[in-house]
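What the coordinates show
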Amino acid sequence: MVEPSERQRLEHGVAMLVGDMDHSLSTDADRKVLLERKQLLSSQMEELRATMRQVQEDSERSSDEARQCEAEAALELSKVAALRDKVQ
């Protein structure tokens, strides 16, 4: 059984796909329009997935760079502390 909110989302998606067509979908022209809309939606979804992958990769790269900078800073601090201990 589909929950009411999920059902509403599905119905909304179908309504967006079908648009203003309130007559029977039995004609070839209607099917063609629906197929074109479906293909456009599919293309847009693939572009969105590609964008999301790129954002994820950029985020991971930034995190790696930040960790590298932190490690280098910690190394420098340990070198300074070692020199200070040596001098004292």
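What comes next concerns the included structure. Keep in mind the model is a prediction, meaning the values are calculated, not measured. Residue positions are given per chain, counting from 1 as you read along its sequence in written order. Reporting of local features is limited, given that this is a predicted model, to residues whose pLDDT is at least 70; pairs of side-chain atoms are given and counted only at 80 or more, and all residues count toward the totals for whole chains, interfaces and linings. Excluded from the side-chain calculation are hydrogens and water; included are all heavy atoms of the structure.

**Re the overall build of the chain**
Where we set the bar: Secondary structure elements follow DSSP: runs of H or I no shorter than four residues count as helices, runs of E no shorter than two count as strands, and numbering proceeds from the N terminus. Residue exposure (1.4 Å probe, protein chains only): buried if accessible area is under 20% of the type maximum, exposed if over 50%, otherwise partly exposed. Each accessible area value is a Shrake-Rupley result obtained with a 1.4 Å probe; residue values ignore everything except the protein chains displayed when judging cover.
Along the backbone of the chain there are 2 helices and 0 strands. Here the chain, with 88 residues, has 5% of them falling under the buried criterion. Put simply, the chain shows about 8000 Å² of open surface, and 57% of that area lies on carbon and sulfur atoms.

**Section: the pattern of salt bridges**
Note on pairing: side chains with opposite charge can pair once their charged atoms come close. To be explicit about the condition: Only one rule defines a salt bridge in this text: a Lys or Arg side-chain nitrogen within 4 Å of an Asp or Glu carboxyl oxygen.
Enumeration according to the criterion identifies 6 salt bridges in this entry. Salt-bridge contacts for Arg-31 lead to Asp-28; the nearest nitrogen and oxygen are separated by 3.4 Å. You can see Arg-31 and its partner Asp-28 sitting in helix H2 (residues 28–87), 3 residues apart, about one turn around the helix. Of the residues examined, Arg-31 reaches a relative accessible area of 47% and is grouped as partly exposed. A residue is classified by how much of its surface remains accessible, and Asp-28, at 61% relative accessible area, is exposed. The partner of Lys-79 in a salt bridge is Glu-76, with the nearest N and O atoms 3.9 Å apart. Placement of the pair is Lys-79 and Glu-76 together in helix H2, with a separation of 3 residues, close to one helical turn. Salt bridges linked by common partners bring Glu-46, Arg-49 and Arg-53 together as one network.

**Looking at a nonpolar patch on the surface**
Basically, it comes down to this: A patch consists of residues whose relative accessible area exceeds 30% and which take part in no salt bridge; residues with like charges are grouped when within 9 Å of each other, and nonpolar side chains (Val, Leu, Ile, Met, Phe, Trp, Tyr) when within 5 Å.
A cluster of nonpolar side chains, Leu-41, Met-45, Leu-48 and Met-52, forms an exposed patch at the surface whose accessible area comes to about 370 Å². Its place among the elements puts Leu-48 in helix H2.

**Comments concerning the side chain of Asp-30**
This is how it is decided: The charge count includes Lys and Arg as positive and Asp and Glu as negative, but it does not include His or the ends of the chains.
Topologically, Asp-30 is positioned in helix H2. One buried charged side chain, Asp-30, makes no salt bridge at all; its nearest oppositely charged neighbour is Arg-31, positioned 8.1 Å away.

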